[in-house]
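# Tertiary structure, described
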Amino acid sequence: MRLLKTIVIDSNSDVVAQLSKFAEENSVIIEICAFSDSLSEAMPLIKAHKPELIFLDATPINLSEFHLIKQLDFNIPKFIFISNDITKAYDAFRYSAADFQLKPLDFNDLIVCIYKVIKLIEMELSFQNQKVSQIKSYGSETSDNGFIAISSSDKIELIKVEDIMYCKAEGKYTEFVLSNKQKILSSKNLGEYNSLLLNNYFFRIHHSYVVNIKKIVKIVKKDGFYCEFEHGVSLPVAKRRQEEFVKFIKI
């Protein structure tokens, strides 16, 4: 069963209490990681927690701030609009929300709504995996041609391997950090990409990092090994990988 990381954006204490109780009773499918009164105030929380689902009070202010979602550099979360005004269901449709729930919230309706979101996410992932399989058959994801396919829940991006500065493990996901500071979040774990990048001057310096040694500006040997990159980025080399890393960079 998929567990949805969720943020609730609503200033109504009754709604917050209802959703909190719902999450407690359905902890196998939903986890509320943060609450906020408005979308603008929630943006730092959204960037920090990277939720898959957001309950949004469809107020005029929140809707006017919806463009802020375009600032996110990871997969756009699914939205469930909530309101005591049934006409806001049209706004849910207009902003491509996954669903709309009328206040006061009904637990049975919420269950149906949550499973709808889970099904939607799983369908998107299945579609993307199918597309990645097709790309594999043409050799695009092997990076033999200088490109690698990065699959997320809503798209596949082809990027130049030489543009990758490092890859970072983000739980079951992988964050690619490029030389131009762009960040791309993949729905695959770091281990799957590690094998693809082995023959392209990449080295796994740490459980959480695979780095492009061509992008390293200098290696600092003080209280351990650290790889320094442009933009002031410094990443540690795990002690058990230091000897192998020294041999690798001499190639």
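Located above this text is the structure these notes cover.
Now for a look at the structure at hand. Please read all numbers here as calculations on a predicted model, not as lab measurements. (Residues numbered from 1 in each chain as written. Predicted model: local features only at pLDDT ≥ 70, side-chain atom pairs only at ≥ 80, totals over all residues. Heavy atoms only, no water.)

### A look at the side chain of Gln101
Inspection of the secondary structure puts Gln101 in strand E5 (residues 99–102). The exposure class of Gln101 is buried, given its relative accessible area of 7%. Ignoring anything within four residues of it in the chain, the contact list for Gln101 reads Ile80, Phe81, Ile82, Ser83, Asp106, Asp109, Leu110 and Cys113. (Helix = DSSP H or I, 4+ residues; strand = E, 2+ residues; numbered from the N terminus. Buried < 20%, exposed > 50% of the residue type's maximum accessible area, 1.4 Å probe, protein only. Contact = heavy atoms within 4.5 Å.)

### A word on the sheet that holds strand E8 (residues 164–170)
Taken together, the five strands give an open sheet; going across it, the order is E10-E9-E8-E12-E11, and neighbouring strands pair in antiparallel fashion. Where the open sheet ends on each side, the last strands, each with one partner, are strand E10 (183–186) and strand E11 (202–206). Across this sheet, the average inter-strand angle for adjacent strands is 20 degrees, counted without regard to direction. In this structure, E8 lies alongside strand E12 (residues 209–212), joined through three bridges in antiparallel fashion. (Pairing = 2+ DSSP bridges. Axes fitted to C-alpha atoms, helices over the stretch in contact; angles between N-to-C directions.)

### A short note on the environment of Ile118
Summarising the element assignment, Ile118 is placed in helix H5 (residues 107–137). Distance in space between the C-alpha atoms of Ile118 and Leu53 is 9.5 Å, their sequence separation being 65 residues. With near-sequence residues (within four places) excluded, Ile118 lies in contact with Arg2, Leu4 and Ile29.

### Some thoughts on the pattern of salt bridges
Scanning all chains against the criterion turns up eight salt bridges. Notably, a salt bridge pairs Asp10 with Lys103, separated by 2.9 Å at the nearest N-O pair. In this pair, Asp10 sits in the loop between strand E1 (4–9) and helix H1 (13–25) while Lys103 sits in the loop between E5 and H5, placing the two residues 93 residues apart along the sequence. Accessibility expressed as a relative area gives 2% for Asp10, which makes it buried. For Lys103, a relative accessible area of 16% puts it in the buried group. Between Glu228 and Lys218 there is a salt bridge, with the nearest N and O atoms lying 3.8 Å from each other. Taken together, the positions of Glu228 in strand E14 (residues 225–228) and Lys218 in strand E13 (residues 218–221) put the pair ten residues apart, joining distant regions of the chain. (Salt bridge = Lys/Arg side-chain N within 4 Å of Asp/Glu carboxyl O.)

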